[in-house]
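# Examining the three-dimensional arrangement
As a plain string of letters, each chain reads:
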Amino acid sequence: MEKGLKVSIVIPVYNAVKFLPECIHSIEEQKYKQLEVIFVNDCSTDESLEQLSFLSKSSSLDIVILNNTKNGGTAFSRNEGLKAASGDYVFFMDDDDTITDDCIELLAKSAVENNCPDIVLYNVDASNYVYKKIESPILLEGNKSVRQSYFAHEWFEMPWNKLVRKDFLLQNSLFFSPEIYFEDSLWSFETALKANRVLLLPY
């Protein structure tokens, strides 16, 4: 059933020429193939756009390249990518991120098996983050449970460890705020206030 679930990966790009090959390679290695990859070039001053164009021509991925007319920042770029996404779910990455080859497969399969929750969260390999570890999947149902989990620090505030249903984001106008610092924290907080079904994964 998960074969029909399309995932749009949204990646803001700014002066990332040295990171892009590894980032794209990790997406090409995904076992899950129902993917759309949206790169949003935020007026890079290095060779990022040229490299994106080159890599997209040689890649088997369904790649979309958007170009901001002005440097709007990461939040603005994520919003542009979200608006252009055609997938059922949206997955945000940064231009220097990589993911394991089973990442999207595990997320999409878990989403389908749990009746497509608003958000699917997963563990990350990152230093300097202190969050409660979980041993097995937890399905939070009802906004009260979601909020309690959020305030108990059971999930990261960053957007790059979440598979989020696109219609949930759009129906609740859950866009990033370009005008503020730490827009990740505000966006994550707002999603926690609106979500009614959230799946926490130990993967």
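The structure we're discussing is the one just above.
About the thresholds
- Residues numbered from 1 in each chain as written.
- Predicted model: local features only at pLDDT ≥ 70, side-chain atom pairs only at ≥ 80, totals over all residues.
- Heavy atoms only, no water.
- Buried < 20%, exposed > 50% of the residue type's maximum accessible area, 1.4 Å probe, protein only.
- Helix = DSSP H or I, 4+ residues; strand = E, 2+ residues; numbered from the N terminus.
- Patch = residues over 30% accessible without salt bridge, like charges linked within 9 Å, V, L, I, M, F, W, Y side chains within 5 Å.
- Areas by Shrake-Rupley, 256 points an atom, 1.4 Å probe, with all protein chains shown as cover.
- Salt bridge = Lys/Arg side-chain N within 4 Å of Asp/Glu carboxyl O.
- Pairing = 2+ DSSP bridges.
- Axes fitted to C-alpha atoms, helices over the stretch in contact; angles between N-to-C directions.
- Parallel < 35°, antiparallel > 145°, perpendicular 65-115°, else oblique.
- Left-handed = near helix turned anticlockwise from the far one by under 90°.
- Contact = heavy atoms within 4.5 Å.
- Nonpolar A, V, L, I, M, F, W, Y, C, P; charged D, E, K, R; others polar.
- Arc of directions from axis to C-beta.
- Core = buried A, V, L, I, M, F, W, Y, C linked by side-chain atoms within 4.5 Å.

## A look at helix α4 (residues 103-113)
- All of the buried residues in α4 are Cys103, Ile104, Leu107, Ala108, Ser110, Ala111 and Val112.
- Directly beyond the C-terminal end of α4, a positive phi value near 60° is found at Asn115.

## Here's the deal with a nonpolar patch on the surface
- A contiguous nonpolar patch, built from Phe151, Phe189 and Leu193 and spanning about 280 Å² of accessible area, is present on the exposed surface.
- Turning to its location among the elements, Phe189 is positioned in helix α7 (residues 183-194).
- Taking relative accessible area as the criterion, Phe189 reaches 32% and is therefore assigned partly exposed.

## Some details on the sheet that holds strand β8 (residues 197-200)
- Read across the open sheet, the eight strands follow the order β3-β2-β1-β4-β7-β5-β8-β6; overall the sheet is mixed. Strand pairing shows two members of the sheet lacking a second neighbour, β3 (63-67) and β6 (138-141), which therefore form its edges. For this sheet, the mean angle separating the axes of adjacent strands, direction not counted, is 20°.
- Pairing of β6 with β8 involves four bridges; the strand directions are antiparallel. From the neighbouring strand, Glu141 faces β8, where its bridge partner is Arg197.

## As for the packing of helix α1 (residues 20-28) against helix α2 (residues 48-58)
- Their axes nearest at 11 Å, the elements α1 and α2 cross at an angle of 30°. The pairing of α1 with α2 is recorded here as roughly parallel in orientation. Where α1 crosses over α2, the handedness of that crossing is right-handed. Contacts from Leu20, Pro21 and Ile24 in α1 reach Ser48, Gln51, Leu52 and Leu55 in α2.
- In terms of residue class, the contact of α1 with α2 is made up of five nonpolar, two polar and no charged.

## Re α1
- For α1, the complete set of buried residues consists of Leu20, Cys23, Ile24, Ser26 and Ile27. Down the axis of α1, the buried set is contained in an arc of 155°. They therefore lie on one face.
- Each element contacted by the buried residues of α1 is listed here: β1 (7-13), β2 (35-41) and α2.

## Some thoughts on the environment of Ile119
- Structurally, Ile119 is set in strand β5 (residues 119-121).
- Under the relative-accessibility criterion, Ile119 is labelled buried at 1%.
- Discounting chain neighbours no more than four positions away, the residues touching Ile119 are Trp155, Lys162, Leu163, Val164, Phe168, Thr191, Ala195, Arg197, Val198 and Leu199.

## Description of the nonpolar core
- Counting residues in hydrophobic clusters, the biggest one holds 37 residues, and the most contacted among them are Val7, Ile9, Ile11, Ile27, Phe39, Phe91 and Ile104.
- In terms of residues, this core owes the most to one element, α4, which gives six residues.
- Ignoring any residue separated from it by four or fewer positions in sequence, one finds Ile104 in contact with Val7, Ile9, Gln30, Tyr32, Leu35, Phe91 and Ile99.
- Counting 25 residues, the second largest nonpolar core, distinct from the first, contains Val40, Val90, Ile134 and Val164.

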